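Coordinate analysis (summary)
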Amino acid sequence: SPLALLSMIFLPWKDDLLFVILGISLVPLADQPLKIWLARKTGALDLRFVAMFSVSAVFWTIYGFATKNWVLSIINPTAVVIMAITVALWFKYRGR
């Protein structure tokens with residue numbers, strides 16, 4: 001939202017705000033492997049999307065460590081792990 005963007009620019013605690021916003025975004029991301037595991041089927045999961053998101057998260061992780069950005073160094077590796085679990089579950093339950 002525009003308000004979040006403006007606050008990120010002007011407030012001194014922008015890293016904390018970014019951590020909260022990105023942390024909240026991990027909730028629906030973690031819901032995907034949970035639903036696959038509970039249903040024991042992959043449904044309409046597009047593995048290409050998961051792969052592209054994972055590649056993006058890996059690059060953001062590298063950038064976070066290279067720039068010593070603690071928010072990116074915590075959130076993105078977590079997203080990579082969630083996506084790896086999603087891929088593993090996709091291979092386990094595909095075709096069901």
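Please refer to the structure higher up on the page.
All values reported here derive from a predicted model rather than from experimental measurement. (Residues numbered from 1 in each chain as written. Predicted model: local features only at pLDDT ≥ 70, side-chain atom pairs only at ≥ 80, totals over all residues. Heavy atoms only, no water.)

Next up on the list: the packing of helix 3 (residues 47–66) against helix 4 (residues 70–93). Contact pair helix 3 / helix 4: the axes reach a minimum separation of 8 Å and the direction vectors enclose 155 degrees. What the angle tells us is that helix 3 and helix 4 run roughly antiparallel. Two packed elements cross with a definite hand, and for helix 3 against helix 4 that hand is left-handed. On helix 4, the residues touching L47, V50, F53, S54, A57, V58, W60, T61, Y63, G64 and F65 of helix 3 are L72, S73, N76, P77, A79, V80, M83, T86, V87, W90 and F91. Its residues assigned to classes, the contact of helix 3 with helix 4 shows 16 nonpolar, six polar and no charged. (Axes fitted to C-alpha atoms, helices over the stretch in contact; angles between N-to-C directions. Helix = DSSP H or I, 4+ residues; strand = E, 2+ residues; numbered from the N terminus. Parallel < 35°, antiparallel > 145°, perpendicular 65-115°, else oblique. Left-handed = near helix turned anticlockwise from the far one by under 90°. Contact = heavy atoms within 4.5 Å. Nonpolar A, V, L, I, M, F, W, Y, C, P; charged D, E, K, R; others polar.)

The next thing to look at is the nonpolar core. Within the largest apolar cluster, 14 residues are counted, with the highest numbers of intra-cluster contacts made by L26, L29, I36, L45, A79, I82 and M83. Mapped onto this core, the elements with two or more residues apiece are helix 2 (14–39), helix 3 and helix 4. Considering every element that reaches this core, the biggest residue donor is helix 4, with eight residues. Setting aside its immediate chain neighbours within four residues, L29 contacts F53, A79, I82 and M83. (Core = buried A, V, L, I, M, F, W, Y, C linked by side-chain atoms within 4.5 Å. Buried < 20%, exposed > 50% of the residue type's maximum accessible area, 1.4 Å probe, protein only.)

All right, on to the packing of helix 2 against helix 4 then. Running from N to C, helix 2 and helix 4 point in directions that differ by 10 degrees, and their axes come no closer than 10 Å. Between helix 2 and helix 4, the crossing angle belongs to the class labelled roughly parallel. Along the lines of polarity and charge, the residues of the contact of helix 2 with helix 4 split into 20 nonpolar, four polar and two charged.

So, about a nonpolar patch on the surface. A cluster of nonpolar side chains, F19, V20, I24, W70 and I74, forms an exposed patch at the surface whose accessible area comes to about 450 Å². Contributions of two or more residues to the nonpolar patch are made by helix 2 and helix 4. Ranked by the residues each element gives to the nonpolar patch, the list is headed by helix 2, at three residues. Among the residues examined, I24 registers a relative accessible area of 54% and is labelled exposed. (Patch = residues over 30% accessible without salt bridge, like charges linked within 9 Å, V, L, I, M, F, W, Y side chains within 5 Å. Areas by Shrake-Rupley, 256 points an atom, 1.4 Å probe, with all protein chains shown as cover. Salt bridge = Lys/Arg side-chain N within 4 Å of Asp/Glu carboxyl O.)

Any functional reading would require information beyond the geometric quantities listed.
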